[in-house]
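# A look at the structure
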Amino acid sequence: MGLLPDDAVGILDVLLSVLLLGMVLLIVAVPDRRAQVGGLLGLGAVLSGVWLRLGSVDVALAEAALGGGVLSAILVWLVLADRRIPGRPADGKPLRAPGWLKAGTGVLSGAAITVVLGSVVLRARQAGPQWPQSLSAEMAGTGVEHDITAVLLAFRAYDTLLESAVLLFSGIVALALSGDSEPPARKVRLPSVFKWFVSVAAPVLLILGLWLLFVGSSDSGGAFQSGAVFAGLLILLRLAEIRPPLLQRLLVPLLIVGVVVFVGMGLVGPLAGEPWLTWVGGQPFLMIFTIEVFLTLGITSGLYLLYLALADPGQRISTATGEGKA
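Fair warning: this is a prediction, and the values are worked out from it, not measured in the lab. (Residues numbered from 1 in each chain as written. Predicted model: local features only at pLDDT ≥ 70, side-chain atom pairs only at ≥ 80, totals over all residues. Heavy atoms only, no water.)

## Digging into a nonpolar patch on the surface
A grouping of Tyr 158, Leu 162, Leu 267 and Trp 276 is seen on the molecular surface, where their side chains present a nonpolar patch of about 400 Å² in accessible area. As for its position among the elements, Leu 267 is in the loop between α10 (247–266) and α11 (268–271). For Leu 267, a relative accessible area of 43% corresponds to the partly exposed category. (Patch = residues over 30% accessible without salt bridge, like charges linked within 9 Å, V, L, I, M, F, W, Y side chains within 5 Å. Areas by Shrake-Rupley, 256 points an atom, 1.4 Å probe, with all protein chains shown as cover. Salt bridge = Lys/Arg side-chain N within 4 Å of Asp/Glu carboxyl O. Helix = DSSP H or I, 4+ residues; strand = E, 2+ residues; numbered from the N terminus. Buried < 20%, exposed > 50% of the residue type's maximum accessible area, 1.4 Å probe, protein only.)

Take a look at the structure:
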């Protein structure tokens, strides 16, 4: 249930709708990169409020951690960084697409998104009334109390494994695209108060990430939200030029450990004569929680590697962490 009764449309709904449209117009209509980035950051915050209003706390947490954390760091850094934009002519004039192409692309994209989302909503309304009964009947066998965690790691564990593998391969691509160049001289100087802010925020983010991980079995939270918070923490530490020891050496092992443990746990079922990704042995909670812990490590590493690849393209990941070449 959301913040208001399901059928009520109140001031909060109107305010969120106006803010949502305002952020979208700011992104689309204002031809200024800083304003567009501000609109995207605001859009992430507003979307978190929309998901809260709809009662989807887990999605709201993920949106806040990614849209307000990791994505914010990437966008702000790309705006402040002084580097030549690939594809820009030597005379400095940016390449611009024809107006009809922009309009046509926008109309077609909007129509496609509307059709897809409309189909999903209609299907969800048809099947929705049947979900709570079947889900409640099977919850006891999962070992967890939170229905979202049960769905992600018990009833549709195969989908979650594939999603984790996508992030794993994204991190591998980031490593593959990194070059051997030395770190460029930093042209962006953050205020001195930023380090003080990081020293205060880092313990809070660490505790928040751990809390989201441990509470995921009984309430909103889990590996993805926790991993996004930890990745945001690493990004803040890097911007403040605080280098955690051994971070560079651990990035690759942490990247793959989540998927490896997930697959290994999934093989326990066939060894016991059960289907793959079936949590057997009388301890489903322990198996699910173990997977969440290692998935958190993999998600943290994957998101952080993506940030490094975007923040310093062509630079070797080992030097991007500030610890020298491997």
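## What about helix α8 (residues 193–215)?
Here α8 spans 33 Å end to end across 23 residues, near enough to the 33 Å set by a 1.5 Å rise per residue. For α8, the principal kink sits at Ala 201 and spans about 30 degrees; a proline, Pro 203, occurs within the next four residues. Along α8, the residues that are buried comprise Phe 194, Val 198, Ala 201, Ala 202, Gly 209, Leu 212, Leu 213 and Val 215. (Expected span 1.5 Å × (residues − 1). Bend = angle between axes of the 7 residues up to and from the residue.)

## Looking at the UniProt feature "transmembrane region" (unreviewed entry) in the protein chain
Mapped onto this structure's residue numbering, the UniProt feature "transmembrane region" (unreviewed entry) falls at residues 12–30, 37–54, 60–80, 193–214, 220–239, 251–273 and 285–310. A distance of 26 Å separates the end C-alpha atoms of residues 37–54, which is 94% helix and 0% strand. For residues 220–239, the helix share is 85%, the strand share is 0%, and the end-to-end C-alpha distance is 29 Å. (UniProt positions renumbered as here; feature names shortened; annotations may be inferred.)

## Looking at the nonpolar core
With 41 residues, the main nonpolar core has Phe 262, Trp 279, Ile 291, Leu 303, Tyr 304 and Tyr 307 as its most contacted residues. Mapped by element, the contributors of at least two residues to this core are α3 (57–80), α6 (147–155), α7 (157–177), α9 (223–239), α10 and α12 (284–311). Considering each element in turn, this core owes the most residues, ten residues, to α12. Ignoring any residue separated from it by four or fewer positions in sequence, one finds Tyr 307 in contact with Ala 73, Ile 74, Trp 77, Ile 235, Arg 238 and Leu 239. Formed by seven residues, the second largest nonpolar core is a distinct cluster that contains Ala 202, Leu 236, Leu 237 and Ala 240. (Core = buried A, V, L, I, M, F, W, Y, C linked by side-chain atoms within 4.5 Å. Contact = heavy atoms within 4.5 Å.)

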